Amino acid sequence: MLFARSLPICAAMPQSQLTFAVPKGRILEEALPVMARAGVVPEDGFHDKSNRALSFATSREDMRMIRVRAFDVATFVAHGAAQLGIVGSDVIEEFDYSDLYAPVDLDIGHCHLAVAEPAESAGAIGSASHLRVATKYPNLTRRHFERMGIQAECVKLNGAMELAPSLGLAGCIVDLVSTGRTLKENGLVETSRILDISARLIVNRAALKTDSRVAELVEAFRADADNRKAA
């Protein structure tokens, strides 16, 4: 009996699609030109502010882009649902995923994480042994106050942090600060700087080891960052 000659398995199997995760909000506008120089460009519909889609095609046939909350970018990449992403170093430090690797500082999205207190009582928490803090960064917050010998009870909020002290929910807040204008408008002052932040390229460790396309993209982003620093 004659059998038809089969194609090699590697030729028969289509190349898997890469998924690149990007965050909604402050980092994205700065990240898009960086991504374009590395060869990652989303479809036109991505820029339509009325578009509620979460997944988009890109200029690469082998890549799609997902747009999610910053904390979710890290989760998708750490668990391998996305192979690459861009996120602030605050998210990386808060979660400390073992399967997450941040090989490139993109030198964009600069801000810092800070403690802020009501202006009229600024500095009062320094003598406390226990403190209630409103934040979306409970791990970073606890570690910061532990170094000060203070036990921090963290109240998790995802927004409107500045309201917490005036409503009696917390004695202070830990949040991202850029210009400090929002703090001032809500009667708060920065009293302690916890972490300087910039956006990073993150990759899934397993994907970096097994997919050459991921390694190539890391080098493209690294080359762009190095060129901007040298300019």
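Residues numbered from 1 in each chain as written. Predicted model: local features only at pLDDT ≥ 70, side-chain atom pairs only at ≥ 80, totals over all residues. Heavy atoms only, no water.

In the annotation of an unreviewed UniProt entry, the protein is listed under the name ATP phosphoribosyltransferase and assigned to Erythrobacter litoralis. Within the UniProt record for the protein, the comment given under Subcellular location (unreviewed entry) is "Cytoplasm". Of the protein, the UniProt comment under Catalytic activity (unreviewed entry) reads exactly: "1-(5-phospho-beta-D-ribosyl)-ATP + diphosphate = 5-phospho-alpha-D-ribose 1-diphosphate + ATP". (UniProt positions renumbered as here; feature names shortened; annotations may be inferred.)

Moving on, we come to the sheet that holds strand β10 (residues 188–197). Pairing is mixed across the open sheet formed by five strands, whose spatial order is β8-β7-β9-β6-β10. The open sheet is flanked by β8 (151–156) and β10, the only strands paired with a single partner. Taking the axes of each pair of neighbouring strands and ignoring which way they run, one obtains an average angle of 30° across the sheet. Here five bridges tie strand β6 (residues 111–118) to strand β9 (residues 172–177), and the two strands are oriented antiparallel to one another. Pairing of alanine 114 across the sheet is with aspartate 175, part of β9. With respect to the sheet, helix α5 (residues 138–147) is in contact with β6, β7 (130–135), β8, β9 and β10, its orientation differing from that of β8 by roughly 160°. (Pairing = 2+ DSSP bridges. Helix = DSSP H or I, 4+ residues; strand = E, 2+ residues; numbered from the N terminus. Axes fitted to C-alpha atoms, helices over the stretch in contact; angles between N-to-C directions. Contact = heavy atoms within 4.5 Å.)

Turning next to helix α3 (residues 70–78). For α3, the full list of buried residues reads Phe71, Val73, Ala74, Val77 and Ala78. Buried residues of α3 fall within an arc of 155° about the axis and therefore sit on the same side. The inward-facing, buried residues of α3 contact β1 (18–23), β3 (63–68), β4 (84–88), α4 (89–95), β5 (100–105) and β11 (199–204). Immediately beyond the C-terminal end of α3, within one or two residues, lies glycine 80, with a positive phi of roughly 85°. (Buried < 20%, exposed > 50% of the residue type's maximum accessible area, 1.4 Å probe, protein only. Arc of directions from axis to C-beta.)

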